[in-house]
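Structure assessment
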Amino acid sequence: LTRTSSVNTLNHSSYIPPWTQPYIIGIAGNSGSGKTSISQQIIQGINQPWTVLLSFDNFYKNLSAEESKRAFENEYDFDTPESLDLEALVDTVKALKSGGKATIPVYSFAKHARTDKTNTIYGANVVIIEGLYALYDERLLSMMDLKIYVDTDLDICLARRLTRDILYRGRDLEGAIKQWEKFVKPNAVKHLNPTMNNADLVIPRGLDNSIAINLMIKHIKNQLALKSAKHLRNLRNVGVDFDFN
Ligand code: CTP
């Protein structure tokens, strides 16, 4: 890249130009561990325009009629990594990583199916990938700048999950407990909990651990400030100047 002779000066103090590559954060943990709330806290804490929250929840595979029947009887395993369309997720993160746009399906937990709606995301500065298996697939891990595991006690996870399933996901108590015993807990022990080893940061006691959450947010803010400064330097090198008076 060569320095151009004309200098463009952008005179807006709050304007942060989009980065060429987003900062990507992965957040994993058991169902009900508080991944979504911690993601929201990060979003509020960093207060960075163009932040995108990408949830694994939108990437469950479509079910056949027979699988769907089992799902309504709480007999379908939504907790094995195979229940997710990891290929689509990897393609989505790759597109965002390279500054492109991505189309995200919208999922209905009450219907066990994708809705006919989608959301389109254009270039993001920060992407937060949240899901049971956020720290499971090598291809996703290799694209992440920070990997977080939320380590909440399973009893607390179960209590939160039951409340949420019954109030917001159209389930009954008996079915929700059956699903937990048969699929959620065994898969957590076998496939999910070992992914803690892939984390850079583990948050013990999850949402209750405000010290760890605040430290994590401070670290992310530092990293973003460094990335932003580097980005501005690169822009100045190609002749774009910023006047922050
Ligand atoms: N699931 C379900 N029915 C579906 C699809 C998924 O019951 N049709 C359940 C799976 O059993 C899985 C859970 O959804 O365990 C994944 O969502 P979860 O991680 O619990 O929710 P988040 O809000 O993403 O995370 P957190 O509770 O940690 O905030």
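Residues numbered from 1 in each chain as written. Predicted model: local features only at pLDDT ≥ 70, side-chain atom pairs only at ≥ 80, totals over all residues. Heavy atoms only, no water.

Let us look at the overall build of the protein chain. The helix and strand tally for the protein chain stands at seven helices and nine strands. Each principal axis of the C-alpha atoms in the protein chain carries an extent, and together these give about 70 × 40 × 30 Å. Looking at the 245 residues of the protein chain, the share that counts as buried comes to 44%. Within the protein chain, contacts between residues separated by at least 24 positions form 78% of all contacts whose residues are at least 6 apart in sequence. (Helix = DSSP H or I, 4+ residues; strand = E, 2+ residues; numbered from the N terminus. Buried < 20%, exposed > 50% of the residue type's maximum accessible area, 1.4 Å probe, protein only. Contact = heavy atoms within 4.5 Å.)

As a packed pair, helix H1 (residues 35–46) and helix H7 (residues 210–237) sit with axes 10 Å apart at the nearest point and diverge in direction by 50°. In terms of orientation, H1 lies oblique with respect to H7. Our pair here, H1 against H7, has a crossing hand that is right-handed. Residues Ile38, Gln41, Ile42, Gly45 and Ile46 of H1 lie in contact with H7, whose contacting residues are Ile213, Met216, Ile217, Ile220, Lys221 and Leu224. Looking at the contact of H1 with H7, its residues break down into eight nonpolar, two polar and one charged. (Axes fitted to C-alpha atoms, helices over the stretch in contact; angles between N-to-C directions. Parallel < 35°, antiparallel > 145°, perpendicular 65-115°, else oblique. Left-handed = near helix turned anticlockwise from the far one by under 90°. Nonpolar A, V, L, I, M, F, W, Y, C, P; charged D, E, K, R; others polar.)

Let us look at the site of the ligand. Around the ligand lies a shell of 21 residues, among which Ser31, Asp79, Glu130, Arg161 and Arg164 are the nearest. Contacts to the ligand include Arg169, whose side-chain N or O atom sits 3.3 Å from an oxygen atom. Taking Gln179, its side chain carries an N or O atom lying 3.1 Å from an oxygen atom of the ligand. Contact with the protein chains hides 96% of the accessible area of the ligand, taken as 620 Å² for the molecule alone. Given that more than half its atoms are within 2 Å of the pocket grid, the ligand belongs to the largest pocket. Those elements that place two or more of their residues in the shell around the ligand are H1 and helix H5 (154–168). When its residues are assigned to classes, the shell around the ligand shows five nonpolar, eight polar and eight charged. (Near = heavy atom within 4 Å. Polar contact = N/O pair within 3.5 Å; in protein donor to acceptor, adjacent residues only side chain to side chain. Areas by Shrake-Rupley, 256 points an atom, 1.4 Å probe, with all protein chains shown as cover. 1 Å grid on protein atoms, 1.4 Å probe; cavity = no way out; pocket = protein on both sides within 12 Å on 5 of 7 lines; lining within 4 Å. Sits in = over half its atoms within 2 Å of the grid points.)

At a closest axis distance of 10 Å, the pairing of H5 and helix H6 (residues 173–192) adopts a crossing angle of 135°. The angle between H5 and H6 places the two elements in the oblique class. Both H5 and H6 take part in a crossing whose hand is right-handed. Counted together, Leu154, Cys157, Leu158, Arg161, Leu162, Asp165 and Ile166 of H5 and Leu173, Ala176, Ile177, Gln179, Trp180, Val184 and Lys185 of H6 form the full contact between these two elements.

A few words now on the side chain of Thr152. Examined against the element boundaries, Thr152 turns out to sit in the loop between strand E7 (146–151) and H5. Apart from the residues within four sequence positions on either side, Thr152 is in contact with Asn30, Ser33, Cys157, Arg160, Arg205 and Gly206.

Our next topic: the side chain of Ser108. Turning to its location among the elements, Ser108 is positioned in strand E4 (residues 102–108). On the accessibility criterion, Ser108 (12% relative accessible area) is buried. From its side chain, Ser108 meets the backbone nitrogen of Lys111 in a polar contact 3.0 Å long. With sequence-adjacent residues up to four places away left out, Ser108 is seen in contact with Ala113 and Thr115.

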